[in-house]
Amino acid sequence: MLKIISLNGLKHIERKFKREVLSNLSESNNYAFLCRHCSKAVQQSKTSLPYSKGQDAKLALKQKGKRQKNIPFVKELFLGRFDKEMLLFPELDKYEDVEHLNELIAPVERFFTENVDSQSIDIEGEIPKELIRQLGELGLFGQQIPHEYGGLELDATGYARMAEVTAMDASVAVTFAGHQAIGLKGILIAGTREQKEKYLPKLATGEQLAAFCLTEPSSGSDAASIQTRATLSEDGKTFHLNGGKIWITNGGIADVFTVFAKTEVTDEQGNREDKMTAFIVERAFGGITSGKPEDKLGIRGSNTCEVHFDNTPVPIENVLGEVGGGFKIAMNILNSGRFSMGSSGAGMLKKLIGFAAEHAISRTQFKEKLMNFGLIQEKFSTMAVTTYAMESMAYLTALNLDSYVEPDLSVEAAIVKVFSSEGCWNCASESLQVLGGLGYMKTYPYERYLRDARILMIFEGTNEILRLFIAMNCLKYAGKELKEFQKLLRNPLKNPSAMFLFMRKMSSRKPKKVMHLNEELHPTLQHEAWMLEQWTQYLEKAVQKLLRQYGNSIIDEQFHLKRLADMAIDLYAMTACIGRTSRSLCMGLKNNDHEKTMTQLFCKEAVHRLENNFEAIMSGDQSNGDDLRRQIAEKVFTEHGYAASHPLTKNKF
Amino acid sequence: MFLSRINRSKLLKYLVTISSISKSKHPHCGIGSEHLQVSNNLRCNNFSLSSCVLEQNNSKAMFQEYYTAVLTEVHSNERLKAVTNFQHLSDPILKERALKKWIFIEAVNAYLAKNGENRRGYVEFIYDALEQMKPLEVHRDLDCYKALISIFPKGMMIPQNVWQHAFSHYPKQQDCMVEILEQLEHFGVIPDTKVQDAIEEIFGTMNNPMRKYRRIYYMTRKFQNRNPYKLPYDLPVDPIQLAVLALRKMAVDLENELKVWKVSRDENSKEKLFIASAQSPLQREMIHTHPESKPIYVEGGYRVWLRDIPQTYFVMRTDTDPSIFVRPTEEEELENLFDFDTIFDSEKPKQLALKPNVHQQEEGTILGMCITETSCKDSLISWIRCLQEANPRLESIPIVFSLATPSKQALVLRSEGMQPSQQSTNSPDPS
């Protein structure tokens, strides 16, 4: 094993070297790469720090060992380039780190199993105040808040791990998310030192809760269209907030709100313009009213309601970031919180699979145990594989987030969110199906999990919007590089060399083995490595075809954008699974062969989906049915609903 | 149509009773009582030729004469008048139509009664009747066509041998039947299977009328639902409903809202005139953001047809910003190639703002549409006033009336000059 690694390592070093130079990293220790698989941290040896002397020493210490920027993995995939480093599943630095995290998790897990009665929370539609106080004592309201403000200061990985446990009760998990994944994230990301000192300590203990106020009746996914206004008073010291926000998680119980509102901004040319600004608003400022809690399908215990601002005075010190910079902050907050849905979903599913497996083992039908039926086996394999992929992606993303100072992983986080929310819904439904009629009953938790899982596809950016987000961002990245070549191609007679190159590329239909991905992996995963390489190349082909065909208007071709996003999702999931399995195999973790079979199955199914999407992109609108879809939808809209005649209709004559 | 059929049978029931009374009162006097007898006897199958007056005078009387005779009888006979009052129909126009149809069918019945088995000259009679159908406004009524078809004698024209099959048997009669079908098709009437049965009884299965029938049956069934703006088979007589139908046909915005106001002509008169108006929220939004310096035009009257009924409509239009139709030149496009500005990057992505909406056409932006009862300038001013409720900004935007009818003067309307003297009442969309 070691031999393989060292052989692979040598090639790796060479390539790495080039990249180091490119990304202006001053120092690299080659030996570190050899050690990656052997549980030694790469980061420790890489001590180049981008900070000048004057900067906060503590921050520098924290950032120590982190590299500055990552190569955006999925974006690169759109160009047909595969960053092999992603196949090396990252890990925590030391064995002690894992121990430490487990120590942190254990009491929380115990608390959740013993003290949290999800069923009564669901029925009552409220989390008891006492429970919130206890959770606060555990420090769970300040998971990502630094120690100096009284928080747990978990990094992304720790946060993801904690989410896995807190997801046992979805209402609590959503309350947490509303509080710290979005509610106070703005203060963490863009707050000044004073703002942090003022608000974070109380928020960290759960004494005060935070809420994130962006959505309005007229503005759901389209954050830029909000109507709430903040007008600056004449003395220039206070803003007055006016407007209404809807569906605010924790809206009725929060004391600190991150509110987004339009303010008038004068730009350099002297033009006045309405731009979004973020504010920290305390309930104590006055003029804030909350509606009564909404009655929802799932996550019934979490508090969701309308929040109205009626001339609420906000001192100018409470502006988050700069005036007019609210849109960026909102996007950053939303982008940074998504990765944890993978681990929380996996946490929930692991539990469900356990319950359902118990049932399948004990239940007898037709003188045969349920577990011996193929149709049941199929369900369990799907659930396990989906959970495995979900978990792998979530931790790959979280660990990567922790190893860079300025990580560019928003696309990956969105991928995790889309995949895991859909996985949760499907698997919760499958596990309910295993129990049949029992699963449908309120006495069992399955229907609650199913109801709770439904929200995942809707909030923190609907999956549709996130698919566009994934595809558009990647295309934008790819477009920058492909621009010159495409320009030349548009006038082939003037640029025969470009055309020749293009023709040569098109004529080679089948992908060639050029990436040698298997060199990074355990030898048994050779086939999966080849699939990954193959489909990376196909993805590049699809991207180039679409860019060539549609030019700038590709951003309006949502059918294709969705397909590209789905391809990216599958490739990222495959990468995560393969990398993780390879690591487990190399390290000899428990049940590593099981991981291998799961990866193999996942890759098989993913390739199926990839094939379909690729074919649909390459074959064009007439043969993939897009034009039919458009026509059907158009008819439905012009008829204001289902348009076909009833099957019993006869013409009168 | 279903309704009218029921009413017809009801009427005939009345007729039977009436005729039995009138027979005893004035026997053999005038076409009227004779016709009642005809109606009665036809149903009792004991009709006698001797009771007909017309028969001796004019055996070749054309359809017109039979029709007039029945009409006079309806007018002169009080009992009959009461019966043909069509009390279930509220609208006088509908009443008149029903009466015309009734008389038409009774005229055919009278002809049948008077001419007996040999029915000389019935082809000419049918041609005459076909010509009269349009003026009598029964040209879209299948029952009337069926009545005409029932004139043909049954059985005797079915070919019996190969020669009759090979050469058109009774060609004049066949042509006549084809002519009936031709007219029925021309006016968009769809024949039912009863017509097929009748043709089969008259001419057999293989002949020109049957071929014509099959073709009509095949095509009309396919076409009857093809019109995306399908109108009801019988157009409403209420002008408001007609206006609403016309506006609905023209308004392309799916969110479009139709509104009907009723305003009085002036302060003193109690007469209410309607104004039907179509405007969507998007159009209101465009008016809301319309600069005060640019005028809005009210133009018209344009004509739109609802089958054979014309409607005059007016549009509120403004000039479209031509820049939204400018397509980037090839160089510009190459320059900005793949330089996307997505909804995730900035608050106001430039690509999204530039798309023209459904109302923004190159020749102008349509801000509203209306049909008024009088189609005169005053009614359009009332329309603008009504619109001001939902579009307060219209008060400050100059409005130019450029009307093709009735006067060609352009009139500029400003808020100062407008006193809301007319009382306007809102009424919900009648449909």
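Residues numbered from 1 in each chain as written. Chains lettered and ligands numbered in written order. Predicted model: local features only at pLDDT ≥ 70, side-chain atom pairs only at ≥ 80, totals over all residues. Heavy atoms only, no water.

(A) Up close: the side chain of Glu412(A). Take Glu412(A): it is sitting in helix α16 (residues 410-435). Residues within four places of Glu412(A) in sequence aside, it is in contact with Pro72(A), Phe73(A), Val74(A), Thr397(A) and Tyr572(A). (Helix = DSSP H or I, 4+ residues; strand = E, 2+ residues; numbered from the N terminus. Contact = heavy atoms within 4.5 Å.)

(B) Region of the structure containing unusual backbone geometry. All names here are of chain B. A cis amide bond links Gly 300 to the next residue, Gly 301, at an omega of -20°. Within the secondary structure, Gly 301 sits in strand β3 (residues 296-306). The residue Arg 307 is not glycine, and still its phi comes out positive at about 55°. Checked against the element boundaries, Arg 307 lands in the loop between β3 and β4 (309-318). Under the relative-accessibility criterion, Arg 307 is labelled partly exposed at 36%. (Buried < 20%, exposed > 50% of the residue type's maximum accessible area, 1.4 Å probe, protein only.)

(C) Structural detail: the pairing of strand β2 (residues 210-213) of chain A. Residues and elements named next belong to chain A. The two faces of β2 match: Ala 210 and Phe 212 on one face and Ala 211 and Cys 213 on the other face are all buried. Note: β2 against strand β5 (residues 256-266), four bridges, orientation parallel. Pairing of Ala 211 across the sheet is with Phe 257, part of β5. (Pairing = 2+ DSSP bridges.)

(D) Summary view of the confidence of the model for chain A. Overall, the predicted model of chain A reaches an average pLDDT of 88, with 90% of residues at or above 70. A low-confidence stretch, residues 1-55 of chain A (pLDDT under 50), is modelled with 75 contacts involving residues beyond four sequence positions or located in other chains. (pLDDT = per-residue confidence, 0-100.)

(E) Inspection of the packing of aromatic side chains at higher detail. By the definition in use, this model includes 26 aromatic pairs over all chains. Aromatic pair Phe73(A) and Tyr572(A): ring centres 6.0 Å apart, planes at 50°, arrangement tilted. Of the two residues, Phe73(A) is situated in helix α5 (residues 73-77) and Tyr572(A) in helix α22 (residues 558-587); the sequence distance between them amounts to 499 residues. Note on accessibility: Phe73(A) and Tyr572(A) belong to one class, buried. Pairing Phe152(B) with Phe203(B) gives two aromatic rings, centres 5.7 Å apart and planes at 65°, and the pair type is edge-to-face. On the criterion of sequence distance, the pair formed by Phe152(B) in the loop between α8 (142-149) and α9 (162-166) and Phe203(B) in helix α11 (residues 193-203) is long-range, its members being 51 residues apart. The class of Phe203(B) is buried, set by a relative accessible area of 1%. An aromatic cluster of three or more residues is present, and its members are Phe63(B), Tyr66(B), Tyr67(B), Phe104(B), Tyr111(B) and Phe125(B). Of note, Arg338(A) hangs over the ring of Phe469(A), and the distance from its end group to the ring centre comes to 5.7 Å. Looking at Arg140(B), its charged tip hangs above the ring of Tyr233(B), at a distance of 4.2 Å from the centre. (Phe/Tyr/Trp six-rings, centres within 6.5 Å; stacked < 30°, edge-to-face > 60°. Lys NZ or Arg CZ within 6 Å of the ring centre and 35° of its normal.)

(F) Spatial organisation of the interface of chain A and chain B. Facing the 35 residues of chain A at the interface are 27 residues of chain B. At the boundary of chain A and chain B, one finds two salt bridges. Taking the shortest distance from any N to any O, the salt bridge between Lys476(A) and Asp345(B) comes out at 2.7 Å. There are five residue pairs in polar contact (both at pLDDT 80 or more) connecting chain A and chain B. When contributions to the side of chain A that touches chain B are tallied by element, the ones reaching two or more residues are β6 (272-282), α13 (326-337), α19 (463-490) and α25 (626-638) of chain A. (Salt bridge = Lys/Arg side-chain N within 4 Å of Asp/Glu carboxyl O. Polar contact = N/O pair within 3.5 Å; in protein donor to acceptor, adjacent residues only side chain to side chain.)

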